[in-house]
Amino acid sequence: MNRYPLWKYLMIAATLVIGLLYSIPNFFHPDYAVQLVPKTAQILLDPAAMQQFDTVLKAQGLAATASENDGKLSVLRFSDDTTQGKAYKALKEAVGENYVVSLNLAATTPSWLRAINASPMTLGLDLRGGVHFLMEVDMKAAVDKQLNRYDDEFRDLMRSKNIKYQGIERQGDTLLVKFPDAPSRDAADQIMREEYSTALQFTPVVASTNIQVSIAQTELLTIQKSALQQNITTLRRRINTLGVAEPVIQQQGMNRIVVQLPGVQDTAEAKRALGATSTLEFRLVDMENDPTVAKQSGKVPASSQLYQSRDGRDVLLKRKVMLTGEFIVNAMSGRDNQNGQPIVSITLNSAGAKRFSKVTGENVKKDMAVVLISNVSETQEIDGKTVLKTNQVEEVISVATIQEQLSKNFQISGLDSPQEAHELAMGLRDGALAAPVYIVEERTVGPSMGQENIEKGFNSNFWGFVAVVAFMLVYYRMFGVISSLALAVNGLFLFALLSIIGATLTLPGLAGIALTLGMAIDANVLINERIREELRAGAPPQQAIFAGYDRAWGTILDSNLTTLIAGIALFMLGSGPIKGFAVVLCLGILTSMFSAVTVSRAMVNLMYGSKSRLEKIAI
Amino acid sequence: MLEFFHFTKSIPFMRYGKITTATSLATFLFSVFALAFYGLNLGVDFTGGTVMEVRYAQAAPLDTIREAIKATGYHEVAVQNFGSTQDVLIRLPLKEGVSSAQVSEQIMGVLKTSTPDVALSKVDFVGGQVGQELYENGGLALILVAAGIIIYLAFRFEWRFAVSAAIANLHDIVIILGLFAFFQWQFDLTVLAGVLAVLGYSVNESVVVFDRIRENIRTMRDETIPDIIDSAITTTMSRTIITHLATQTMVTSMLWFGGEALHNFALALTIGIMFGIYSSVLVAAPLLLLFGLKREHMLPKESEKIEGMNADGSVV
């Protein structure tokens, strides 16, 4: 009656072994480590480089306890966090030019465990310290930018097709293209529809010869998606230069980006790097008009705009934008082979190359300016609503002559110093945010606080568990031992499962584990109480055990499923730490049903199942 | 055999139905009153704003800190100790015209100039929009959980059970919220998680009793419904108390060792567990009677009878 077939015991044994193997890595304390990654492909991580790191450390009287190097990333381990801190400083000063140096915690999982992909859970920011940002992308700005681009393209189109038009006007999120007569309008309408069949919608304005152009819903989505994607890419590049080990940069919803920087203590530096929302524009210099005259008379030609360059000169630039920074794939500073002047070499993506070669081909020997647009964003409360206010600072950072038709790869010359070239290259590389972003949520946890939270979470679990076990042993005796073992197995499974799915452990997660363990014992209490009841009603022990497990099962299932519903809702609607709690809750329910029912039954069966004349059980 | 609760006879819970219903109604109304009159003390998660936790090497000079921060233009600042005299909690509302990201930097700068021995332990900044969303999602989660549970129970039992359980448990939630409002304990995201967990957890309780009622309806052919309910509650009593004791042990451990971060979460769970016992036994069951539960509601219909089934519904 109370016997499992052999395969069932074997299956349970196998799950126990798997559970044990995959939860073990969590109990190895990680090493304090410094991580080095070469900044460019030219810099090698060879034995000579490792030798160099060693020398740097020795000069400070430090030594790594172990070091690893896989050619792309080198990890130096240290005995404690003070040594780690000193080593980090020393290495950053000495080799920071060539390598991205960052603090990290290196797992100490033995190689045989790593071989089966067993690794510890990642600790959340509240447990290891660090900063969490939620950044919102200014989608309105992204759409604005696109509308300006269409504005330019329409003008080009009309000009090239010789269609008369009176002007293009911005009206909210639409463009109003004005025509002098119906034939021009109809001609333009046909051409524009052909050119932008899916992206734009054209509506003739009643009682006039104008056309209203609006962006189609699908195109709007595409614009937003690509703005988000480009921003994520840019943020990732910027964070890489910050030197953060294991950063998380993720999309959240339609217009938000989550950035998590574990171990970062100087949040000010991180904020500056992330918040610097600069974009670039290449524009032609208006060479027909004199900027000085324009400034003095205040009469700036309609197609141009007056700027001040970095060195204080006035420049008149055409309004039309030749190219924006988002097309730049790479930018490197260097020196011209012929005259040794500082230059910046730029690489464009294919779409950018196509555009750029067309406009530069038409404008050889003319001057071109690079305009850096920095957005200083801040949120303000107006009428109880948070509103983003962006102040744009536009600056001409360089003016150079277009020597020939430019394409995918080209150079900017006319720079004053190698330093300027270096900064421009960096700005071009990292400054290409498609739309401004601003921080809407920040959560920073200091490193000491993280350690404290681990202890608090651990202690809550440990002492709670001890108290529950003590009670179960006294109250249910042998069945208390079995229930307690089942509870321990539940904890083991939960840990293993969380490690296998690569969950991030947070303080709410630890609270979730404690709560799950407290609730999991319910199943065993239900079973034990049922068995007692059957015994009281006069059933023989074997019969009582059988009936106890059998009848309690339905109740266990019902009560766990209702908690599971709450867990799933929490997971769907929760954010960040709440999600962690929800994951633990849901998984804990699943593991507890298995451990409390199947595993504890296996123990009972092993212990009593073979005894044909069982007189008494200790419950 | 160690037993705390061994009743040879059913306790006539249903006879006290009027008293328990009146008690429930009173606590419920008190909670609604507290919620309406005091309102929840919403944390920065929901209202938006900045909360900083800083640690001083010595006892923190609260007045100096307050003055220093006020001097920078934050007039509605709350500065208080928490945990120890060295730990200080600074709460700043969202402020018009001030860039969100710089708040914590600015405050740390001010604090460091007066006392260099201060370290930042924690910063939470939540923008107004995000706070609003978290608040709305929280409410939505509450509704979703309640609806999910009602549907599940209606499917597994019968609508009377589903509605009774839902009312009993929402009554728990309202009491938790009411107590948080009355004592002005801070209500933040973790507390919300606790409240939702309670919702799932205390339904357990009702389910266990309901399961037994269903079983008793099939086996106790000659008893009246109130007697059946009394018997079900009495027989599950022991399990109810012990289970809650175990869960509460873990929660107490959290209250004890979990520190500030888990304190209110554990508090919400404690209230939830206490009232969970009460409501599932003494609110849900009388409601069943109120909704007119009859034996026929739980017995399989004629057409559903399985061939060879015994009178008690079992198939042997």
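Values in this document were obtained by computation on a predicted structure and should not be read as measured data.

Caption draft 1: Examining the environment of A:Gln405 more closely. All names here are of chain A. Structurally, Gln405 is set in the loop between strand 19 (385-401) and strand 20 (409-412). The exposure class assigned to Gln405 is partly exposed, which follows from its relative accessible area of 48%. Residues Gln405 and Ile239, spaced 166 residues apart in sequence, show a C-alpha to C-alpha distance of 35 Å. Other than its neighbours up to four places away in sequence, Gln405 contacts Ser357, Lys358, Thr360, Gly361 and Val364. Among the polar contacts listed, one links the side chain of Gln405 to the backbone oxygen of Ser357, at a separation of 2.7 Å.

Caption draft 2: The arrangement of a nonpolar patch on the surface in detail. Residues A:Leu473, A:Val474, A:Val481, A:Leu485, B:Leu2, B:Phe4 and B:Leu245 make up a contiguous nonpolar surface patch of roughly 560 Å² in combined accessible area. The element best represented in the nonpolar patch is helix 13 (residues 447-500) of chain A, accounting for 4 residues.

Caption draft 3: Summary view of the confidence of the model for chain A. Residues and elements named next belong to chain A. Overall, the prediction assigns chain A a mean pLDDT of 84, with 92% of residues at 70 or greater. Here residues 377-381 is a poorly scored stretch, pLDDT under 50, and it has 27 contacts once near neighbours within four places are set aside; other chains count. pLDDT under 50 marks residues 384-388. Its contacts with residues more than four places away, or in other chains, come to 14 contacts.

Caption draft 4: Here's a closer look at the UniProt feature "transmembrane region" (unreviewed entry) in chain B. All names here are of chain B. Following the UniProt record, the feature "transmembrane region" (unreviewed entry) maps to residues 21-40, 138-155, 162-183, 189-210, 241-259 and 265-291 here. Within residues 21-40, the helical portion is 85% and the strand portion 0%, while the C-alpha atoms at the span's ends are 26 Å from each other. Between the end C-alpha atoms of residues 189-210 the distance is 32 Å, and the span holds 100% helix and 0% strand.

Caption draft 5: The environment of A:Val56, seen in detail. You can see A:Val56 is positioned in helix 2 (residues 47-59). If we ignore the near neighbours within four places in the chain, the residues touching A:Val56 are A:Ala90, A:Leu91 and A:Ala94.

Caption draft 6: Layout of the pattern of salt bridges. On inspection of all chains with the given rule, the structure shows 31 salt bridges over all chains. Note that B:Asp45 and A:Arg443 form a salt bridge whose closest N and O atoms lie 2.8 Å from each other. In this pair, B:Asp45 sits in helix 2 (residues 44-47) while A:Arg443 sits in strand 21 (residues 437-445), so the two residues belong to two different chains. The pair B:Asp45 / A:Arg443 is uniform in exposure class, with both members buried. One network of salt bridges, in which partners are shared, links A:Glu441, A:Arg443, B:Asp45, B:Lys122 and B:Asp124.

Caption draft 7: Main features of the environment of A:Ser484. Residue and element names in this part refer to chain A. Here Ser484 lies in helix 13. Once the C-alpha coordinates of Ser484 and Asn524 are considered, the two residues, 40 residues apart in sequence, prove to be 8.9 Å apart. Dropping the residues within four chain positions of it, Ser484 is found in contact with Phe465, Val469, Met472 and Leu473. A polar atom in the side chain of Ser484 sits 2.8 Å from the backbone oxygen of Gly480.

Parameters at a glance
- Residues numbered from 1 in each chain as written.
- Chains lettered and ligands numbered in written order.
- Predicted model: local features only at pLDDT ≥ 70, side-chain atom pairs only at ≥ 80, totals over all residues.
- Heavy atoms only, no water.
- Helix = DSSP H or I, 4+ residues; strand = E, 2+ residues; numbered from the N terminus.
- Buried < 20%, exposed > 50% of the residue type's maximum accessible area, 1.4 Å probe, protein only.
- Contact = heavy atoms within 4.5 Å.
- Polar contact = N/O pair within 3.5 Å; in protein donor to acceptor, adjacent residues only side chain to side chain.
- Patch = residues over 30% accessible without salt bridge, like charges linked within 9 Å, V, L, I, M, F, W, Y side chains within 5 Å.
- Areas by Shrake-Rupley, 256 points an atom, 1.4 Å probe, with all protein chains shown as cover.
- Salt bridge = Lys/Arg side-chain N within 4 Å of Asp/Glu carboxyl O.
- pLDDT = per-residue confidence, 0-100.
- UniProt positions renumbered as here; feature names shortened; annotations may be inferred.

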